[in-house]
Amino acid sequence: MGQAIFMTGTGTEIGKTVVTSIVALALERLGMKVGVFKPVQTGLAEDGVSFAEQYWYERVAKIPTSEGMYYMEPAMSPHLAAKLTGTSIEPERVAERLEWLTQRYDVVLVEGAGGLAVPWCERDGRWYMTSDFVRDYEVPAILVSLSSLGAIHHAVTTAAYADAQGIRLLGLMFNQFQEQEIIHQNNVETIAALLRLPVLAVVPLLPAVSRRELETLAQRWIEQGKAKQLLEVLGVGV
Ligand SMILES: Nc1ncnc2c1ncn2[C@@H]1O[C@H](COP(=O)(O)OP(=O)(O)OP(=O)(O)O)[C@@H](O)[C@H]1O
Ligand SMILES: C[C@H](N)[C@H](N)CCCCCC(=O)O
Ligand SMILES: [Mg+2]
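Cut-offs and rules
- Residues numbered from 1 in each chain as written.
- Chains lettered and ligands numbered in written order.
- Predicted model: local features only at pLDDT ≥ 70, side-chain atom pairs only at ≥ 80, totals over all residues.
- Heavy atoms only, no water.
- Salt bridge = Lys/Arg side-chain N within 4 Å of Asp/Glu carboxyl O.
- Helix = DSSP H or I, 4+ residues; strand = E, 2+ residues; numbered from the N terminus.
- Donors = N, O, S within 2.8 Å, 3.2 Å for Na, K, Ca; no water.
- Near = heavy atom within 4 Å.
- Polar contact = N/O pair within 3.5 Å; in protein donor to acceptor, adjacent residues only side chain to side chain.
- Nonpolar A, V, L, I, M, F, W, Y, C, P; charged D, E, K, R; others polar.
- Pairing = 2+ DSSP bridges.
- UniProt positions renumbered as here; feature names shortened; annotations may be inferred.
- Buried < 20%, exposed > 50% of the residue type's maximum accessible area, 1.4 Å probe, protein only.

(A) Layout of the pattern of salt bridges. Per the stated rule, a full pass over the model turns up nine salt bridges. Taking the shortest distance from any N to any O, the salt bridge between Asp132 and Arg126 comes out at 3.2 Å. Across the pair Glu232 and Lys228 runs a salt bridge, and its minimum N-O distance is 2.5 Å. With Glu232 and Lys228 both in helix α9 (residues 226–234) and four residues apart, this pair spans about one turn of that helix.

As structure tokens, this is what we get:
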């Protein structure tokens, strides 16, 4: 039985897909069978035809993904994209597919759309949120954060929300890190200290994001001992 990890972030466009790609490539290098799953997705890729993450994972990162379930064209919050496209998002179906995937892969990386406090659908007179799914199906989560000015508040408030919702955060992955920036260096240590969470990755700002760059970062992540740290936190052997 494999282990699911929910890749969430402090918001949208902060690098969940890029960071998820690096983790997937690294764990595959360690001989693990890794599934990548983006159940709810909105927005199209630059080709104007493909769905954004599917395009990225399959064409850029060259990582096969499980056929998504709710891919919607409008680049909006899932609840609004669903309304405009007449889509009925059913969390139970997402859970069933995730269960199916964890029976076939050692690790399943589940990428959320935007951050944790994002509505999917109406349920019992209220919004059913991304965080409801993560909690209801007890998926441990990794919080992806930018490293730049503003990251402290975004990470601390996201973590406080996750705690309040009963979600287990495994650790932090910082993205678009710039070594020469004192704010970035201090943000990593300050946020980790404030949240008392392990820093599971620090991904640099890349001049261009390509499969080759991702492979280089995946290898570096392994060499830093971070893949091992993640698996230890998860209680998963290689
Ligand atoms: N480390 C990085 N270096 C350079 N560019 C990056 C890096 N991380 C992400 N990007 C770029 O930033 C943009 C947003 O990244 P990404 O698509 O991974 O965000 P996301 O959090 O997955 O967004 P969404 O909420 O839509 O899923 C993309 O154009 C991506 O190529
Ligand atoms: C379109 C975007 N890139 C993501 N796919 C969806 C982001 C939803 C964000 C909702 C919100 O926090 O307002
Ligand atoms: Mg993404």
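(B) Spatial organisation of the coordination of the magnesium ion (ligand 3). At 1.9 to 2.1 Å from the magnesium ion (ligand 3) lie its protein donor atoms, namely Thr17 (OG1), Glu53 (OE) and Glu111 (OE). The motif formed by the donor residues of the magnesium ion (ligand 3), counted along the single chain, is T-x35-E-x57-E. Taken together, the residues span a long stretch of sequence, with Glu53 in helix α2 (residues 52–60) and Glu111 in strand β5 (residues 107–111) at a distance of 58 residues.

(C) How the structure looks around the site of ligand 2. The environment of ligand 2 is formed by Thr12, Glu13, Thr42, Ala75, Met76, Ser77, Gly114 and Val118. Here a nitrogen atom of ligand 2 and a side-chain polar atom of Thr12 are 3.3 Å apart. Between ligand 2 and the protein, one listed contact pairs a nitrogen atom with a side-chain N or O atom of Thr42 at 3.1 Å. Class assignment of the residues belonging to the shell around ligand 2 gives a composition of three nonpolar, four polar and one charged.

(D) Quick peek at the pairing of strand β6 (residues 119–123). Strand direction decides the pairing type here: β6 and strand β7 (residues 126–129), joined by four bridges, are antiparallel. Bridge pairing in β7 links Arg123 to Arg126. In textbook terms, the turn of a hairpin is the stretch between consecutive antiparallel strands, and for β6 and β7 this stretch comprises two residues, one of which, Asp124, has a positive phi near 55°.

(E) The UniProt feature "active site" (unreviewed entry) in the chain, seen in detail. Sites flagged by UniProt as "active site" (unreviewed entry) map to Lys38. Looking at where Lys38 falls in the secondary structure, it is placed in the loop between β2 (34–37) and β3 (40–42). Looking at Lys38, the relative accessible area reads 5%, which means it is buried.

(F) Representation of unusual backbone geometry within the structure. The backbone phi angle of Glu13 is positive, close to 65°, even though this residue is not glycine. With respect to the secondary-structure elements, Glu13 resides in the loop between β1 (3–9) and α1 (16–29). A positive phi angle, near 50°, is found at Arg196, a position not held by glycine. If you trace the backbone, Arg196 turns up in the loop between α7 (182–195) and β10 (199–204). We classify Arg196 as exposed; its relative accessible area is 73%.

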